[in-house]
Amino acid sequence: MTLIHIENASKYYTMGEETIKALDDVSLDIDHGEFVAIMGPSGSGKSTLMNIIGCLDIVDKGNYDLDGQAINVLKDSGLAEIRNRKIGFVFQSFNLLPRLSAYENVELPLIYRGMSKKERELLVIHALESVDLLDRRKHFPSELSGGQQQRVAIARVLAGDPAIILADEPTGALDSKTGLEILNILKRLNAQGRTIILITHDLLIAQQAKRIVRFRDGRLYKDF
Ligand code: ADP
Ligand code: ADP
């Protein structure tokens, strides 16, 4: 079943006199439960595509439907709502709050959703268990290794139960062994039915995905 339907999408940036085609007539369908790696050189449009899939931005031309809902027609508040409900972001730099414990970092988005303490506790513990970090729940980010911090960031995403996990260079700040450990966690989550889209420069990492999509100069040129 189609989760992401992108059709003839273009996105332009104007810099003075010059117009940059960050995305140039891109069509891409991704089904529920897929694990897709997006590869391509720097400046090829990967982040632009991620921002569109993640409802941080909209296309200038073409269409994007997420789970059957047309995204182009939404205003900022509508985009934010879909984003909060359906998208989980994982970044290269982990983006944990340094003064909160691992537990509190995972819990924070659930507080914003207005959940009770009891509801939150179940979800936080389950999410930390899913990344094998329950025993570190009281640690602060500075007391955790890079790999462990990324696992907390993944737990934070899981607690929100998103339809899609968008991971932008999640292994970029990690050594290759730890990077593969993070990939194994993402693969396990995918085996449990999560849809995962991963941006990476690293072919070894991309090869762990079931499908690799390649970009060059804003165009999708290979999909296998
Ligand atoms: P990648 O993620 O593959 O490195 P990007 O999607 O970031 O590529 O960028 C695609 C193209 O769009 C590049 O030429 C980049 O310089 C340009 N670009 C991206 N974001 C902006 C922006 N906010 N303003 C102007 N140009 C941008
Ligand atoms: P991982 O394989 O998950 O990256 P490591 O083998 O690097 O974990 O770390 C082993 C243990 O050492 C971790 O459980 C963590 O508590 C501790 N540790 C690692 N890096 C740091 C650090 N920079 N500061 C404090 N403790 C650390």
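A quick note: this is a predicted structure, and the numbers were derived from the prediction, not measured.

Calculation criteria
Residues numbered from 1 in each chain as written. Chains lettered and ligands numbered in written order. Predicted model: local features only at pLDDT ≥ 70, side-chain atom pairs only at ≥ 80, totals over all residues. Heavy atoms only, no water. Helix = DSSP H or I, 4+ residues; strand = E, 2+ residues; numbered from the N terminus. Rg over C-alpha atoms; globule rule 2.2 N^0.38 Å. Buried < 20%, exposed > 50% of the residue type's maximum accessible area, 1.4 Å probe, protein only. Contact = heavy atoms within 4.5 Å. Areas by Shrake-Rupley, 256 points an atom, 1.4 Å probe, with all protein chains shown as cover. Lys, Arg positive; Asp, Glu negative; His and termini not counted. Charge placed at Lys NZ, Arg CZ, Asp CG, Glu CD. Pairing = 2+ DSSP bridges. Axes fitted to C-alpha atoms, helices over the stretch in contact; angles between N-to-C directions. Near = heavy atom within 4 Å. Polar contact = N/O pair within 3.5 Å; in protein donor to acceptor, adjacent residues only side chain to side chain. Nonpolar A, V, L, I, M, F, W, Y, C, P; charged D, E, K, R; others polar. Salt bridge = Lys/Arg side-chain N within 4 Å of Asp/Glu carboxyl O. UniProt positions renumbered as here; feature names shortened; annotations may be inferred.

1. So, the overall build of the chain
1) Next: A count of helical and extended segments in the chain gives 7 helices and 10 strands.
2) Next: The globule rule puts the C-alpha radius of gyration for 224 residues at 17 Å, and the 18 Å found for the chain is close to it.
3) Next: Within the chain, the fraction of its 224 residues that count as buried is 47%.
4) Next: Residue pairs in contact within the chain that sit at least 24 positions apart in sequence constitute 69% of those at least 6 positions apart.
5) Next: On the chain, roughly 11,300 Å² of surface is accessible, and the fraction owed to carbon and sulfur atoms is 50%.
6) Next: Looking at charge distribution, the chain has the averaged site of its 28 positive side-chain charges lying 4 Å from that of its 30 negative ones.

2. Section: the sheet that holds strand β5 (residues 69-70)
Within a sheet, each strand pairs with its neighbour through backbone hydrogen bonds, oriented either parallel or antiparallel.
1) Next: Strand order in the open sheet made by the 4 strands is β2-β1-β4-β5, with antiparallel pairing throughout. This sheet does not close on itself; its edge strands, each paired only once, are β2 (18-31) and β5.
2) Next: Sheet topology note: the strand β1 (residues 2-15)/β2 ladder contains 10 bridges and is antiparallel. Counted as the bridge partner of T14 is T19 from β2.
3) Next: Relative to the sheet, helix α1 (residues 46-53) contacts β1, β2 and β4 (61-66), its axis offset from that of β1 by approximately 125 degrees.

3. Overview of the site of ligand 1
1) Next: If you check the shell around ligand 1, you find Y13, M15, I20, A22, P41, S42, G43, S44, G45, K46, S47 and T48 and nothing else.
2) Next: Contact distances for ligand 1 include 2.6 Å between an oxygen atom and a side-chain N or O atom of S47.
3) Next: T48 places a polar side-chain atom, nitrogen or oxygen, 2.6 Å from an oxygen atom of ligand 1.
4) Next: Contact with the protein chains covers 64% of the free accessible surface of ligand 1, which is 570 Å².
5) Next: Those elements giving two or more residues to the shell around ligand 1 turn out to be β1, β2 and α1.
6) Next: Split by residue class, the shell around ligand 1 holds 5 nonpolar, 6 polar and 1 charged.

4. Focus: the pattern of salt bridges
Between side chains of opposite charge, a pair can form when the charged atoms approach closely.
1) Next: Under the counting rule described, the total for this entry stands at 13 salt bridges.
2) Next: The partner of K11 in a salt bridge is D57, and the shortest N-O contact between them spans 3.1 Å. Note that K11 is positioned in strand β1 and D57 in the loop between α1 and β4, a separation of 46 residues in sequence.
3) Next: Between E181 and K177 there is a salt bridge, with its nearest N and O atoms 3.3 Å apart. In this pair, E181 and K177 are both assigned in helix α6 (residues 176-191), 4 residues apart and thus about one turn of the helix distant.
4) Next: By relative accessible area, E181 is classed as partly exposed at 35%.
5) Next: Classification of K177 by relative accessible area gives exposed; the value is 58%.

5. What about the UniProt feature "domain: ABC transporter" (unreviewed entry) in the chain?
1) Next: Those residues carrying the UniProt feature "domain: ABC transporter" (unreviewed entry) are residues 4-224 in this numbering.
2) Next: Across residues 4-224, the secondary structure splits into 35% helix and 29% strand, with the terminal C-alpha atoms separated by 17 Å.

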